[in-house]
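These are the residues of each chain, in order.
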Amino acid sequence: MVVGFYPAYYSGISPTPEQLEKLTYVIIFSVQVPPDGNITEQTIAADLNGGSRVVALIDDASKKGVGVMLAVGGDGKSQGFSSMTGSATARKLFINNLLAFCVKYGFAGVDIDWEFPNSGNNDRANFTLFARELKAAFGPKGMVISIDVNGTNAQYYNRDTFDHFDWLNLMAYDNDWPVGSSHHSTYAHAQQSIDLYSGLGVPKNKLVLGVPFYGKSYGGTKSYGEILAANPGLDASQDSDKGFYFNGPTTIGRKTTLAMDQGTRGIMIWELLQDASDNRLLQSISNTIQNKGGILDQKDKPVVSVLPIKTNALHLLQLDGGFWTLGLSSGTGRRLTLFSPSGRILHTLLPDQTSNGVIRWHAPDMPEGRYLFRVDGGPGQEFGAISGSMIISE
């Protein structure tokens, strides 16, 4: 999946339809955590710079099969976490009010960005209690919860805290000291962040690799769009220019490949509106997924793509009398692979029958739910691979 942050402090600017169609979730950043847990609709609306754009974004995103999540905390807005999570009463009030708000306006879930729990007091233990109670409230409503974690240092968290979140956003950037003195988000650091959390026993399919759409220098930060505007001839492979260190399209594509090859859940972007006007960084992510035969997981919309793009290779894939049936334009079909929504391989099947362009694989015993599939083409066929998603129901 591809997750993009969208800060609410932008005035009058929202993600475009072209951006939304390349995303799984948009995370609106961010609301303040009250120490007493008494978060209200009024305080949330104030933190989000008014509510009308948020409602419009949820409507636009839902048409694209994209979920909109609400971020809580973040740099400068995390001070209330310690007191709130330290009180059972405050936790309950906060979770109940937050849930009511998300249900009312159609949010897909919440993202927790505590920067950062104090390892010297009870913050880490209280964070685990909070995470457990948050999941117990949001899960039955079909909502997801994610957590943003430091890409360099895991000492802020208890390992069991992660068990209650659907995924971890690895903030694999800002790894420079002094600030602006070096590349802050290298390919090597991306690998180190994945290794750090998977080494703690977090399944890789719960890790989402964060990538920056901004650059840093001694003088501050600039969006990639601003850096490119100052040097329109910037090469896609460049990761530095005029004292700024950033990730160009080539590195963003390499990191996407890394995330896929490592079996992670996907890519997270800080942040969407820092891209170039032609969305070339987001496009690099999208192109990489497609070129590797991947499927963009969009929350409510089955996606089917033909890779590489050729004419009319795929007619139909359905479950019929215990067989998966696929109509092809030519040739003999090959392997069918079935995946869980998180990308874990469930079954690899070879054809049982082939006749008149119709290929059949005997279906394994699978429960109801949503699955991903991939069919690898054989000699003489018009495609390298076909991928998509399906829903099995009684």
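Residues numbered from 1 in each chain as written. Predicted model: local features only at pLDDT ≥ 70, side-chain atom pairs only at ≥ 80, totals over all residues. Heavy atoms only, no water.

1. Quick look at the overall build of the protein
Here comes step 1: A tally of helices and strands in the protein yields ten helices and 21 strands.
Here comes step 2: Across the 394 residues of the protein, 50% fall into the buried class.
Here comes step 3: Within the protein, residue pairs in contact and separated by at least 24 positions form 70% of the contacts whose partners lie at least 6 positions apart.
Here comes step 4: Here the protein displays about 16700 Å² of accessible surface, and carbon together with sulfur accounts for 50% of that area. (Helix = DSSP H or I, 4+ residues; strand = E, 2+ residues; numbered from the N terminus. Buried < 20%, exposed > 50% of the residue type's maximum accessible area, 1.4 Å probe, protein only. Contact = heavy atoms within 4.5 Å. Areas by Shrake-Rupley, 256 points an atom, 1.4 Å probe, with all protein chains shown as cover.)

2. Digging into helix H7 (residues 187-198)
Here comes step 1: End to end, H7 covers 17 Å across twelve residues, agreeing with the expected 16 Å (1.5 Å per residue, within 8%).
Here comes step 2: Residues of H7 that are buried include every one of His189, Ala190, Ser193, Ile194 and Tyr197, and no others. Across the axial projection of H7, the buried residues extend over an arc of 140°, all falling on one side.
Here comes step 3: Contacts made by the buried residues of H7 are with strand S5 (144-150), strand S6 (167-171), strand S7 (207-212) and helix H9 (249-261). (Expected span 1.5 Å × (residues − 1). Arc of directions from axis to C-beta.)

3. Side note on the pairing of strand S4 (residues 109-113)
Here comes step 1: Within S4, five of the five residues are buried, which leaves the element mostly enclosed by the surrounding structure.
Here comes step 2: As judged from the five bridges shared by strand S3 (residues 67-73) and S4, these two strands associate in the parallel manner. Residue valine 72 lies in a different strand from S4, and its bridge partner there is isoleucine 112.
Here comes step 3: Sheet topology places S4 next to S5; four bridges connect them, and they run parallel. When the sheet's bridge partners are listed, valine 110 is paired in S5 with isoleucine 145.
Here comes step 4: After leaving S4, the chain enters helix H6 (residues 123-138) and then returns to the sheet as S5, a path that is right-handed. (Pairing = 2+ DSSP bridges. Right-handed = clockwise from strand over helix to strand, strands pointing away.)

4. Concerning the sheet that holds S7
Here comes step 1: The eight strands are arranged S1-S2-S3-S4-S5-S6-S7-S12 in a closed barrel whose pairing can be described as parallel. For this sheet, the mean inter-axis angle between neighbouring strands, taken without regard to orientation, is 25°.
Here comes step 2: Along the sheet, H9 contacts S7 and strand S12 (266-270); its crossing angle with S7, the most-contacted strand, is approximately 175°. (Axes fitted to C-alpha atoms, helices over the stretch in contact; angles between N-to-C directions.)

5. Brief notes about the packing of aromatic side chains
Here comes step 1: The tally for this structure, following the rule as stated, stands at 19 aromatic pairs.
Here comes step 2: Measuring from ring centre to ring centre gives 5.3 Å for phenylalanine 5 and tryptophan 270, while their planes differ by 50°; the resulting arrangement is tilted. Note that phenylalanine 5 is positioned in strand S1 (residues 2-7) and tryptophan 270 in strand S12, a separation of 265 residues in sequence. Each member of the pair, phenylalanine 5 as well as tryptophan 270, is classed as buried. (Phe/Tyr/Trp six-rings, centres within 6.5 Å; stacked < 30°, edge-to-face > 60°.)

6. What about the confidence of the model for the protein?
Here comes step 1: Of the residues in the protein, 84% reach a pLDDT of 70 or more, and the chain-wide mean stands at 86.
Here comes step 2: Overall, residues 301-315 carries pLDDT values under 50, and its contacts beyond four positions in sequence, including any with other chains, amount to 42 contacts. (pLDDT = per-residue confidence, 0-100.)

7. Considerations on the layout of surface pockets
Here comes step 1: Each pocket or cavity is described by its volume, and for the second largest pocket that value is around 570 Å³.
Here comes step 2: Lining the second largest pocket are 22 residues, and of these Asp75, Glu115, Met171, Tyr173 and Asp174 sit closest to its centre.
Here comes step 3: Going through the elements one at a time, strand S2 (25-31), S5 and S12 are the ones with two or more residues in the lining of the second largest pocket.
Here comes step 4: Partitioning the lining of the second largest pocket into residue classes produces ten nonpolar, five polar and seven charged. (1 Å grid on protein atoms, 1.4 Å probe; cavity = no way out; pocket = protein on both sides within 12 Å on 5 of 7 lines; lining within 4 Å. Points joined across faces, edges and corners; volume = space filled by probe spheres on them. Nonpolar A, V, L, I, M, F, W, Y, C, P; charged D, E, K, R; others polar.)

8. Some remarks on the side chain of aspartate 275
Here comes step 1: Looking at the secondary structure, you find aspartate 275 in the loop between S12 and helix H10 (280-291).
Here comes step 2: Arginine 280 provides the closest opposite charge to the buried, unpaired aspartate 275, separated from it by 6.3 Å.
Here comes step 3: Here the side chain of aspartate 275 touches leucine 282 through a polar contact of 3.0 Å, landing on its backbone nitrogen.
Here comes step 4: Discounting residues that sit within four places of it in the chain, aspartate 275 has contacts with Phe213, Tyr224, Gly225, Arg280, Leu281 and Leu282. (Lys, Arg positive; Asp, Glu negative; His and termini not counted. Salt bridge = Lys/Arg side-chain N within 4 Å of Asp/Glu carboxyl O. Polar contact = N/O pair within 3.5 Å; in protein donor to acceptor, adjacent residues only side chain to side chain.)

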